[in-house]
Amino acid sequence: MLISPGLCGVCRHAKANTTKRGTIYLRCTRAGWDNRLVRYPRLPVLHCVGFEAGEPSPEDD
Ligand code: SF4
């Protein structure tokens, strides 16, 4: 990842999605049910009410 993701880089709700062109998007899965958050946060995220430490997971699709 070229841009430091900040908290999202160590948050269990983050999913990294790579397009066919090689662009990496970081998607916040928590935004699906927590309307305080946005699905594609602007990086780096320095403060987040939904942050929970854990391993971000790669996304296959
Ligand atoms: S909950 Fe916050 S820190 Fe975690 S992935 Fe979503 S935006 Fe990033």
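Quick look at the structure, then. Given the structure is predicted, the values throughout are model-derived calculations rather than measurements. (Residues numbered from 1 in each chain as written. Predicted model: local features only at pLDDT ≥ 70, side-chain atom pairs only at ≥ 80, totals over all residues. Heavy atoms only, no water.)

**A closer look at the environment of Thr23**
In step 1: As for its placement among the helices and strands, Thr23 is situated in the loop between strand E1 (14–18) and strand E2 (24–28).
In step 2: By relative accessible area, Thr23 is classed as partly exposed at 38%.
In step 3: Separated by 13 residues in sequence, Thr23 and Val10 place their C-alpha atoms 20 Å apart. (Helix = DSSP H or I, 4+ residues; strand = E, 2+ residues; numbered from the N terminus. Buried < 20%, exposed > 50% of the residue type's maximum accessible area, 1.4 Å probe, protein only.)

**What about the pairing of E1?**
In step 1: Of the strand pairs in this sheet, E1 and E2 are connected by 5 bridges, and their pairing is antiparallel. When the sheet's bridge partners are listed, Ala16 is paired in E2 with Leu26. (Pairing = 2+ DSSP bridges.)

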